[in-house]
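If you want the building blocks of each chain, they are given just below.
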Amino acid sequence: MASHSDTLVVFFGATAGANGGKLGSDEREIILLVWQIVDLHEKKVGKLHKCFVKPDTLELTDQCKEETGLTLEDVVNAEPLDKVLQQFQQSVSSEVKDLGRSSYTLLVDGPHVIRQALHPEASKKNLVLPDCFFSFVDVRKEFHKCCPNADSTQKLTLASMLDYVGLPAVSEQMIGAREVSSMVTLTLCILAEPYNHTFSCVETVNYKFDSGTCSKTEPVDSEMVIRARGLPWQSSDQDIARFFKGLNIAKGGVALCLNAQGRRNGEALVRFINSEHRDLALERHKHHMGSRYIEVYKATGEEFLKIAGGTSNEVAQFLSKENQVIIRMRGLPFTATTQEVLSFLGPESPVTDGAEGLLFVKYPDGRPTGDAFVLFSCEEYAQNALKKHKQILGKRYIELFRSTAAEVQQVLNRYMSTPLISTLPPSPIVPVPVLTTPPFLPAASSTRDCVRLRGLPYTAGIEDILEFMGEHTVDIKPHGVHMVLNQQGRPSGDAFIQMKSPDKAFLVAQKCHKKTMRDRYVEVFQCSTEEMSIVLMGGTLNRSGLSPPPCKLPCLSPPTAYAAFPTPPAILSEAALYQPPLLAAPRPPQTSMHSPAHTLAYYPPQPHLYMNMNMNYTAYYPSPPVSPSTVGYFAAPPGAMAAAVAAQAHPAAAAASSVLPQPGALVRMQGLPYNTGVKDILSFFQGYQYAPEEYSGMVQMNEQARSLIQPKEWLCL
């Protein structure tokens, strides 16, 4: 018997698009349902029922018309899906009762009609399916169990199965009736001698998705994981489970991915119960969630564990309460207490187990991050809490949105793994050759051979800019496209382009001004590198002219890196171009293998040094494949290292040179504000090694020294 059922209901469905093995892959609606009852005890067959279904979109594809022989006239006057399903349930229940039976199970030819067509469409239309559609038996799997020497399940067809048991193909020509009659004939055959088969391989469809935790040590098969991309940022794990309705997701098998700022990036990793469901999920590539289409790709178990896996006992205990709705709170005051958060949520949204249902996210040293996760026992309480989105707690507005167990793990893993002080592995310092003039840094000039693009889409890349420039692309200097980033390291919507001549720059400004790029018009202004410096330090440039920045610093050219060190041009090694993050404290003195007499405290070059200097832009981004760190943002090496570099290049000159006195070196600072004092300079060099007697000359800063000041966006030592 089929899960102790008395009756089988042989079931078939067709859609307005692809059918057969591709049923449901194109999101087309169901237009035909056919069924017939088989009494397993008496081996009797009931009446064949055939119902057309009216789709919301009255359109049939050419493929559907060819495969089914149906026309639009067949379905235009039919009932909608919900009415037909009611008719199905009433008809089957009545017929089963007339047979004196008490239960029934669906029998289908492959899982597509149930998993890929019926459940997804019902979910989109908010229809509640009868319980009978949450379990079924697949005639192919039952036949393969009955006849193990037959072809694999994937290769079996109704015609091949009938041929295997020596039965002729059904002569019925009508779509649906032919398939149902074939399944009925095959079923009666394997129920009789010599097979005496019992239908027992019942498949189920999960009623709902169960959240849960995943350990980093838990094995995850890569054949069960997919990556969904393009999700709305508000999506929860339940929304993703609804998108994959009909397919069974493993417990806690939805992991929302976060970006570097801890916000959702529109991607999720989903783990299914087996590879068959994963393969069916891949067929939903570019299916829609609301108005957005979702891309579905294969992923690995390692990727899933990296996002969803956790080892924290505190998190495991917090998530041990099942069937809870998780809400994430973001932007909490650092001084917020448990009682203040509970009072903020109010009595209409009680937290599960009070304080135990509230988890604050903290750094490893115990400092709060401003994030917290809250558990609610039911959807009603969670909805009440979400109504407080962007309400004020203390002096801050609080963001609330749905979360998942995997997101809890991911956020905790990210913050708890953040080191308090960034460190580098100890390694001996070797002299690194440096560029006297970076090859892609724009030289100082008043020649207006550049253009500025303003109002670019934030997602625009260099390829988009080249396409925007069109035929003028050939007039761009090599490596002449420079993207400008803001203080957070994100695209600012600005870019500077170096053209081959002022005439070319003028022509581009005339032809491309207010052209459209991705539904946005882009402003194009002609400028020089000097004007570029003004813009980078906060000034404005438009067709009305140039306006100085608020600080009214003079407009000078970008510096030539290491101008104080007379070393010949040399190309940096790859290791020197890609350095780890800047140290928060100096590295312990190390002894150079080439200069054992001197100890160095070396700070690797990175733009992070300039993050807190109140500037508008923090990076001057060159064209690929050049790294941003090659464009003049190099912290000056200690004097002993610079001397070692110079000595390596010019041994004879190094012996006679007085430019780099030992053991240290003089360093010229450019870009200082007029009101800079000695304490400001010492604070700026905090963590660097310097001799106390060597900074007395700082108080003698005069007009001659101020004449060397350059815009602080180009600050270079």
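Residues numbered from 1 in each chain as written. Predicted model: local features only at pLDDT ≥ 70, side-chain atom pairs only at ≥ 80, totals over all residues. Heavy atoms only, no water.

- Looking up the protein chain in an unreviewed UniProt entry gives the name Epithelial splicing regulatory protein 2, with the organism given as Fundulus heteroclitus.

What to know about unusual backbone geometry
Inference 1: Following Glu193, the chain continues into Pro194 via a peptide bond in cis, with omega recorded as 0°.
Inference 2: With respect to the element layout, Pro194 can be found in the loop between α7 (177–191) and β7 (202–204).
Inference 3: If you check the backbone angles, Asp353 has positive phi at about 60° while not being a glycine.
Inference 4: For Asp353, the position within the fold is in the loop between α12 (338–345) and β16 (358–362).
Inference 5: Judged by relative accessible area, which is 48%, Asp353 ranks as partly exposed. (Helix = DSSP H or I, 4+ residues; strand = E, 2+ residues; numbered from the N terminus. Buried < 20%, exposed > 50% of the residue type's maximum accessible area, 1.4 Å probe, protein only.)

Looking at the nonpolar core
Inference 1: Counting 35 residues, the largest nonpolar core has Ile31, Leu32 and Phe143 as the members making the most contacts within it.
Inference 2: Of all elements in the fold, only β1 (7–15), β2 (30–39), α5 (139–146), α6 (158–164) and α7 reach the threshold of two or more residues within this core.
Inference 3: Considering every element that reaches this core, the biggest residue donor is α7, with 7 residues.
Inference 4: Ignoring anything within four residues of it in the chain, the contact list for Leu32 reads Phe12, Gly13, Ala14, Lys50, Cys51, Phe52, Val53, Leu70 and Ile175.
Inference 5: Residues Leu33, Trp35, Phe88 and Val205 belong to the second largest nonpolar core, which totals 29 residues. (Core = buried A, V, L, I, M, F, W, Y, C linked by side-chain atoms within 4.5 Å. Contact = heavy atoms within 4.5 Å.)

A closer look at the packing of α5 against α7
Inference 1: It is the contact of α5 with α7, at a shortest axis distance of 12 Å, that shows an interaxial angle of 30°. It follows from the interaxial angle that α5 and α7 lie roughly parallel. Two packed elements cross with a definite hand, and for α5 against α7 that hand is left-handed. Judged by residue contacts, Val139, Phe143 and Cys146 of α5 engage Met183, Leu186 and Ile190 from α7. (Axes fitted to C-alpha atoms, helices over the stretch in contact; angles between N-to-C directions. Parallel < 35°, antiparallel > 145°, perpendicular 65-115°, else oblique. Left-handed = near helix turned anticlockwise from the far one by under 90°.)

Re the packing of aromatic side chains
The relation between two aromatic rings is expressed through the spacing of the ring centres and the mutual angle of the planes.
Inference 1: Tallied over the full model, the rule gives 9 aromatic pairs.
Inference 2: With 6.2 Å between their ring centres and 80° between their planes, Trp233 and Phe401 make a pair best called edge-to-face. Here Trp233 is found in the loop between β9 (225–229) and α8 (237–243), whereas its partner Phe401 is found in strand β19 (residues 396–402), with 168 residues between them in sequence.
Inference 3: Overall, the relative accessible area of 47% leaves Trp233 in the partly exposed class.
Inference 4: Phe401 sits in the buried class, given a relative accessible area of 8%.
Inference 5: Between Phe244 and Phe272, the ring centres sit 5.4 Å apart and the planes meet at 85°, which makes this aromatic pair edge-to-face. Placement of the pair is Phe244 in the loop between α8 and β10 (249–258) and Phe272 in strand β11 (residues 264–272), with a sequence separation of 28 residues.
Inference 6: Linked through ring pairs, Phe11, Trp35, Phe88 and Phe133 together constitute an aromatic cluster.
Inference 7: Over the aromatic face of Phe468 sits the side chain of Lys515, whose NZ or CZ is 5.1 Å from the ring centroid.
Inference 8: Above the face of the Tyr458 ring, Arg520 is positioned so that its terminal group lies 5.9 Å from the ring centre. (Phe/Tyr/Trp six-rings, centres within 6.5 Å; stacked < 30°, edge-to-face > 60°. Lys NZ or Arg CZ within 6 Å of the ring centre and 35° of its normal.)

Brief notes about helix α10 (residues 301–308)
Inference 1: For α10, the full list of buried residues reads Gly301, Phe304, Leu305, Ile307 and Ala308. The arc that holds every buried residue of α10, seen down its axis, measures 165°, which confines them to one face. Those residues of α10 that are exposed and angled more than 90 degrees off the buried face are Glu302 and Lys306. (Arc of directions from axis to C-beta.)

Some remarks on the pattern of salt bridges
Inference 1: Evaluation of the coordinates by the stated rule reveals 30 salt bridges.
Inference 2: A salt bridge links Arg367 to Asp365; the shortest N-O distance between them is 2.6 Å.
Inference 3: Overall, Arg367 belongs to the partly exposed group, its relative accessible area being 43%.
Inference 4: Take Asp365: its relative accessible area is 38%, and that puts it in the partly exposed class.
Inference 5: Connected through salt bridges with shared partners, the residues Arg227, Arg229, Glu267, Glu295 and Glu303 form a single ionic network. (Salt bridge = Lys/Arg side-chain N within 4 Å of Asp/Glu carboxyl O.)

Overview of the sheet that holds strand β18 (residues 391–393)
Inference 1: The 5 strands lie next to each other as β16-β17-β15-β19-β18, forming an open sheet whose pairing is antiparallel. The open sheet terminates on both sides in strands that have one partner only, identified here as β16 and β18. Within this sheet the neighbouring strands show an average axis-to-axis angle of 35°, counted without direction.
Inference 2: Pairing of strand β15 (residues 325–330) with strand β17 (residues 368–376) involves 6 bridges; the strand directions are antiparallel. Residue pairing across strands places Met329 opposite Ala372, the latter belonging to β17.
Inference 3: Seen against the sheet, helix α13 (residues 379–386) touches β15, β17 and β19 and runs at an angle of roughly 150° to β19. (Pairing = 2+ DSSP bridges.)

Describing the pairing of β15
Inference 1: Within β15, 6 of the 6 residues are buried, which leaves it mostly tucked inside the rest of the structure.
Inference 2: What you see with β15 is no split at all: Val325, Ile327 and Met329 on one side and Ile326, Arg328 and Arg330 on the other are buried throughout.
Inference 3: The pairing of β15 with β19 spans 4 bridges and is classified as antiparallel. If you follow Met329 over to β19, its bridge partner there is Leu400.

Thoughts on a nonpolar patch on the surface
Inference 1: A cluster of nonpolar residues, Leu58, Leu72 and Val76, forms a patch on the protein surface that exposes about 190 Å² of accessible area.
Inference 2: Mapping Val76 onto the fold places it in the loop between α2 (72–75) and α3 (81–98).
Inference 3: By relative accessible area, Val76 is classed as partly exposed at 30%. (Patch = residues over 30% accessible without salt bridge, like charges linked within 9 Å, V, L, I, M, F, W, Y side chains within 5 Å. Areas by Shrake-Rupley, 256 points an atom, 1.4 Å probe, with all protein chains shown as cover.)

Considering the sheet that holds β10
Inference 1: Taking strand neighbours across the sheet as the criterion, the 5 strands line up as β10-β11-β9-β13-β12 in an open arrangement whose pairing is antiparallel. Each edge of the open sheet is held by one strand with a lone partner, namely β10 and β12 (287–289). Mean inter-strand twist for the sheet, computed between neighbouring axes without regard to direction, equals 30°.

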